[in-house]
Amino acid sequence: MSHTSADQARLANQRWWNFDAEQYHQAHPEYLSSFYWCPEMLSEQQAQLIGDCSNQRVLEIGCGSGPCASWLASTYPSATVIGIDIAKGMLARGEGFQGLLADVHRIPLADHSIDCAFSAFGAFPFIPQLTPALREVARVLKPGAKLIIAVNHPMRWVFPDHPGEQGLIASHSYFEQAYVEHDADGTLSYAEFQHTMSDWIQAFDHSGFRLHRLIEPEWPEDLHTTWGQWSPLRGKLFPGTVIFCATKD
Ligand SMILES: C[S@@+](CC[C@H](N)C(=O)[O-])C[C@H]1O[C@@H](n2cnc3c(N)ncnc32)[C@H](O)[C@@H]1O
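Residues numbered from 1 in each chain as written. Predicted model: local features only at pLDDT ≥ 70, side-chain atom pairs only at ≥ 80, totals over all residues. Heavy atoms only, no water.

Considering the site of the ligand
Right, so step 1: In the vicinity of the ligand lie 21 residues, with Y24, D85, V104, A120 and A123 positioned nearest.
Right, so step 2: Between an oxygen atom of the ligand and a main-chain N or O atom of A123, the distance comes to 3.1 Å.
Right, so step 3: Out of a free accessible area of 590 Å², the ligand has 97% covered by protein chains.
Right, so step 4: Along the lines of polarity and charge, the residues of the shell around the ligand split into 15 nonpolar, three polar and three charged. (Near = heavy atom within 4 Å. Polar contact = N/O pair within 3.5 Å; in protein donor to acceptor, adjacent residues only side chain to side chain. Areas by Shrake-Rupley, 256 points an atom, 1.4 Å probe, with all protein chains shown as cover. Nonpolar A, V, L, I, M, F, W, Y, C, P; charged D, E, K, R; others polar.)

Points about the UniProt feature "domain: Methyltransferase type" (unreviewed entry) in the protein chain
Right, so step 1: Within this structure's numbering, the places UniProt gives as "domain: Methyltransferase type" (unreviewed entry) are residues 59-149.
Right, so step 2: In residues 59-149, helix accounts for 26% and strand for 32%; the two terminal C-alpha atoms are 12 Å from one another. (UniProt positions renumbered as here; feature names shortened; annotations may be inferred. Helix = DSSP H or I, 4+ residues; strand = E, 2+ residues; numbered from the N terminus.)

Quick look at the packing of aromatic side chains
Right, so step 1: For the coordinates displayed, the defined rule picks out 20 aromatic pairs.
Right, so step 2: For the pair Y31 and Y36, a centre-to-centre distance of 6.3 Å together with 20° between the ring planes defines the contact as stacked.
Right, so step 3: Taking the relative accessible area as the measure of exposure, Y36 reaches 16% and is therefore buried.
Right, so step 4: Seen from their ring centres, F126 and Y190 are 6.3 Å apart, and the 80° between their planes marks the pair as edge-to-face. One end of the pair, F126, is in the loop between β4 (114-120) and α5 (130-140); the other, Y190, is in strand β7 (residues 188-193), and 64 residues separate them in sequence. (Phe/Tyr/Trp six-rings, centres within 6.5 Å; stacked < 30°, edge-to-face > 60°. Buried < 20%, exposed > 50% of the residue type's maximum accessible area, 1.4 Å probe, protein only.)

Focus: the pairing of strand β9 (residues 241-248)
Right, so step 1: For β9, the tally of buried residues reaches eight of eight residues, placing the bulk of the element in the interior.
Right, so step 2: Burial along β9 is two-sided: the face carrying T241, I243, C245 and T247 and the face carrying V242, F244, A246 and K248 are both buried.
Right, so step 3: Direction of pairing for strand β5 (residues 141-152) relative to β9: antiparallel, over a ladder of seven bridges. By the bridge assignment for β9, K146 is matched with T247.
Right, so step 4: Pairing of strand β8 (residues 209-215) with β9 involves six bridges; the strand directions are antiparallel. (Pairing = 2+ DSSP bridges.)

Structure follows, in structure tokens:
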């Protein structure tokens, strides 16, 4: 069990993402220029996981500056696109969609008011327990609504965050639940959590979702970019991302 609560994680990660916003945007201009689901550069235009959302109300969870939300809003002008994030510094960089400062555990929207929700590496890696958050997402979704979540593939947790050979040696337990960092004075400054494949499947089931598709995007032959631990070397050998496609019962 993790000893970091959801509120402790939120406070630490809010500070982290406010502080990191500038660096994050400088480091990943291409990824942040459109709607990409993952560092494998699978675009929504190509994948059509959300598809045509004209006249729908769509929610992005952990939207950051909202490159995905903005792309949807400009591609489907009749859609209402809302993004939530805990970091003002990230949200402030977004435009073209409705940004709300909010935690995934307390979404400031009415019950059954959203047609489709999604997340591209937002919020879920930074919360200790999936089920309370997925139940809150279920609350705002209409019956039959889509929920699509892209996150780090759980098997990546066992390898060091290194793009080279060092990143190919399994050295952490798959079952270890949290990675945390502290400031010199002991304040929690960053918290990320491992959710195993069985955690995810159980959490969807316990939150009223039917999981019907799981995508593990392959590293494209022509993608030579290295992004932190993400690299062609590792991408050729094992998946970096998993995308869960579920429907609210
Ligand atoms: C890796 S960024 C991804 C942002 C965006 N999807 C993108 O691709 O740029 C993760 C985002 O999740 C947000 N986040 C972390 N914990 C959250 C929570 N509990 N509720 C909502 N957002 C959260 C962070 O503030 C950050 O903006």
